[in-house]
Amino acid sequence: RVSLSFCTMLALLSAVFAAVPSGRYHGTTRVTFKKITIDVQTVSDDSFSLKIAGIPGATVDCPSEEYVITGNDLAIKNLEVEGDCAHDQFKKASIKFISATYDEAADMITMKAKWKLISVTLKAKKVAGDFTEEEESDGPLQRILKKLEQ
């Protein structure tokens, strides 16, 4: 007769029910005076929509990309497949996907990529479903410019 301890059962259950992103994640970074934004919205437990804007000459906008999480590593399943939205749009935008991770404790997705010769790290934090970019602070200069436009 096999007896499993409570800790062993808990470990097995946590492996089966690994943490996955849920909801909407958004972030911005500045690269050579350009504001790059990333927006990820989970569609199901194994797919999300992915939008990356601010890249000179291109935008990534994929409504449903399948992904898999192993530990903290997040991989886009069909990224190497010609005809896949992310594959084709990354190629068109001259973006090379390096890696992505999901940090359950911080509830954050981090994507590392390379655009031409520039390495870019995009951090997308969990936001409310009705979040709009206008709610995001652009910084003091942008706030002053917006007030002058009014």
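Since this is a predicted model, take the numbers as computed values, not measurements.

Chemist: Can you break down empty space enclosed by the protein residue by residue, with the values?
Modeler: One pass over the full model with this rule turns up one cavity of 30 Å³ or more. One number sums up the size of the largest cavity: a volume of about 50 Å³. Along its surface, the largest cavity is lined by Ile38, Val40, Phe48, Leu50, Leu74, Ile76, Phe97, Ala100, Ile109 and Met111. Across the lining of the largest cavity, the residue classes tally to ten nonpolar, no polar and no charged.

Chemist: I'd like a description of helix 2 (residues 85-92), backed by residues and values.
Modeler: Given 3.6 residues to a turn, an α-helix orients residues that are three or four positions apart in the same direction. What helix 2 keeps buried is the set Ala86, His87 and Phe90. One face of helix 2 carries all of its buried residues, which in axial projection span an arc of 100°. On its buried face, helix 2 is in contact with strand 3 (47-55), strand 4 (58-70), strand 6 (95-103) and strand 7 (108-115). Measuring from the side-chain oxygen of the N-cap residue of helix 2 to the backbone nitrogen of Ala86 gives 3.2 Å; that N-cap residue is Asp84. Looking one or two residues past helix 2, Ser94 carries a phi angle of roughly 60°, positive in sign.

Chemist: Got a sec to walk through the pattern of salt bridges? Specific residues and values, please.
Modeler: Across all of its chains, the model carries three salt bridges by this definition. The residue Arg24 makes a salt bridge to Asp39 at a minimum N-O spacing of 2.9 Å. Of this pair, Arg24 sits in strand 1 (residues 24-31) while Asp39 sits in strand 2 (residues 34-44); the two residues are 15 residues apart in sequence, bridging distant segments of the chain. You can call Arg24 buried: its relative accessible area is 15%. With a relative accessible area of 13%, Asp39 lands in the buried category. Here Asp107 and Lys126 are joined by a salt bridge, their closest N and O atoms 3.7 Å apart. Of this pair, Asp107 sits in the loop between strand 6 and strand 7 while Lys126 sits in strand 8 (residues 118-127), and the two are 19 residues apart along the sequence. Take Lys126: its relative accessible area is 39%, and that puts it in the partly exposed class.

The rules behind these values
- Residues numbered from 1 in each chain as written.
- Predicted model: local features only at pLDDT ≥ 70, side-chain atom pairs only at ≥ 80, totals over all residues.
- Heavy atoms only, no water.
- 1 Å grid on protein atoms, 1.4 Å probe; cavity = no way out; pocket = protein on both sides within 12 Å on 5 of 7 lines; lining within 4 Å.
- Points joined across faces, edges and corners; volume = space filled by probe spheres on them.
- Nonpolar A, V, L, I, M, F, W, Y, C, P; charged D, E, K, R; others polar.
- Buried < 20%, exposed > 50% of the residue type's maximum accessible area, 1.4 Å probe, protein only.
- Helix = DSSP H or I, 4+ residues; strand = E, 2+ residues; numbered from the N terminus.
- Arc of directions from axis to C-beta.
- Contact = heavy atoms within 4.5 Å.
- Polar contact = N/O pair within 3.5 Å; in protein donor to acceptor, adjacent residues only side chain to side chain.
- Salt bridge = Lys/Arg side-chain N within 4 Å of Asp/Glu carboxyl O.

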